[in-house]
Amino acid sequence: MRRYLDNAFATLGAMTVAIFAAIMALIFIQVINRFLLGLPLFWTEEVVRMLLVWLVLMGTPVVVYKCDEIKVELFRFNNGRFERVRRFAVAAISIIFCAVLAYWGYLFTLRALGTMQPSLGISRAWLYTPIPIGGVLTILAFIVRRDEVKKASDVEELL
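Residues numbered from 1 in each chain as written. Predicted model: local features only at pLDDT ≥ 70, side-chain atom pairs only at ≥ 80, totals over all residues. Heavy atoms only, no water.

*Asks:* Would you mind showing me how to read the confidence of the model for the protein here?
*Replies:* Do not read the fine detail of predicted coordinates wherever pLDDT is low. Averaged over the protein, the pLDDT score is 87; the fraction of residues at 70 or greater is 91%. At the low end of the mean pLDDT range in the protein sits helix α6 (residues 148-158), at 50; at the high end sits helix α5 (residues 130-144), at 94. (pLDDT = per-residue confidence, 0-100. Helix = DSSP H or I, 4+ residues; strand = E, 2+ residues; numbered from the N terminus.)

Next up, the structure:
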C-alpha cells in the first residue's frame, strides 16, 4: 500500500513540475511577444493565473505527504506524549480547514459552471476545480503521510 501511495504522490509531484514548466514557458512567450515583437497574446495571462491555482493546490498534498511543509513551532514539548498530542492537534485543525476549503470550493465550482472565461472561451469552473480536489487530496495526505518522527530525529541530528 505504501508503495502505491508513494507512486501516486510522486505522480502528483511530477504533474506540479509540468505545470510549473508550462507557467514559465507561457510567461517567457508572453514577455517575448509583448516587449520584443509588440504583439501581446491576450490569453496567456488567464492561462498562467489558472495554472498557478492548479500548481498550488496540487502541490500542497505532495508537500504534506512528504512532511515538508514549513512549520513554525511556538511551543515544543520535551515530553513525547505532549509532542504527539500537539502534532495530532495541528493535523486535526489542518484537516478541518481543508474540509471546509473542499466544501466551499466545490460549491464555488458548481456556481461557476455556467460562466465562461472571457478570453479562453472555457468554463470558469476550470479555475475553481482544483480547490475541492486539492482540499480532499491534502486531507488524504494528512491521513496517510509518512511517519514524522523519523524525519524529526534526522533534523535534530543535523543540528
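*Asks:* I would appreciate a short explanation of the environment of G59 in the present structure.
*Replies:* Its location among the elements puts G59 in helix α2 (residues 44-65). For G59, a relative accessible area of 15% puts it in the buried group. Counting along the chain gives 82 residues from G59 to A141, while the straight-line C-alpha distance between them is 11 Å. Every residue in contact with G59, bar those within four places of it in the chain, is listed here: T16 and W54. (Buried < 20%, exposed > 50% of the residue type's maximum accessible area, 1.4 Å probe, protein only. Contact = heavy atoms within 4.5 Å.)

*Asks:* Is there a simple way to think about a nonpolar patch on the surface in this case?
*Replies:* On the surface, a cluster of nonpolar side chains totalling about 480 Å² of accessible area is made up of F20, M24, I27, V31 and F35. Taking relative accessible area as the criterion, F20 reaches 43% and is therefore assigned partly exposed. (Patch = residues over 30% accessible without salt bridge, like charges linked within 9 Å, V, L, I, M, F, W, Y side chains within 5 Å. Areas by Shrake-Rupley, 256 points an atom, 1.4 Å probe, with all protein chains shown as cover. Salt bridge = Lys/Arg side-chain N within 4 Å of Asp/Glu carboxyl O.)

*Asks:* Any chance you could explain the nonpolar core here in plain terms?
*Replies:* Side chains of a nonpolar character, in soluble globular proteins, are inclined to be buried together. Membership of the largest hydrophobic core comes to 26 residues, with the highest contact counts inside it found for F9, I19, I23, L51 and Y65. Mapped by element, the contributors of at least two residues to this core are α1 (2-36), α2, α3 (80-112), α4 (125-128) and α5. Element by element, the count of residues in this core is highest for α2, at 11 residues. Here I23 is in contact with V48, L51, L52 and L55, once residues within four sequence places are set aside. (Core = buried A, V, L, I, M, F, W, Y, C linked by side-chain atoms within 4.5 Å.)

*Asks:* Could you clarify how one ought to interpret the side chain of R145 in this entry?
*Replies:* For R145, the position within the fold is in the loop between α5 and α6. Polar side-chain contacts of R145 include one of 2.7 Å to the side chain of E69. Excluding its chain neighbours within four sequence positions, the residues that come into contact with R145 are R2, V64, Y65, C67 and E69. (Polar contact = N/O pair within 3.5 Å; in protein donor to acceptor, adjacent residues only side chain to side chain.)

*Asks:* Just to check I follow, could you spell out the packing of aromatic side chains for this structure?
*Replies:* Here the distance between the centres and the angle between the planes together describe a pair of aromatic rings. In total, this model carries 3 aromatic pairs according to the counting rule given. Pairing F9 with Y65 gives two aromatic rings, centres 4.2 Å apart and planes at 10°, and the pair type is stacked. Remark: Y65 occurs in helix α2 and F9 occurs in helix α1; sequence separation between them is 56 residues. Y65 shares its class with F9; the two are buried. Pairing F108 with Y128 gives two aromatic rings, centres 4.6 Å apart and planes at 85°, and the pair type is edge-to-face. In this pair, F108 is assigned in helix α3 and Y128 in helix α4, connecting sequence segments 20 residues apart. For F108, a relative accessible area of 36% translates into the label partly exposed. If you follow R81 out to its NZ or CZ, it ends over the ring of F82, 5.5 Å from the centre. (Phe/Tyr/Trp six-rings, centres within 6.5 Å; stacked < 30°, edge-to-face > 60°. Lys NZ or Arg CZ within 6 Å of the ring centre and 35° of its normal.)

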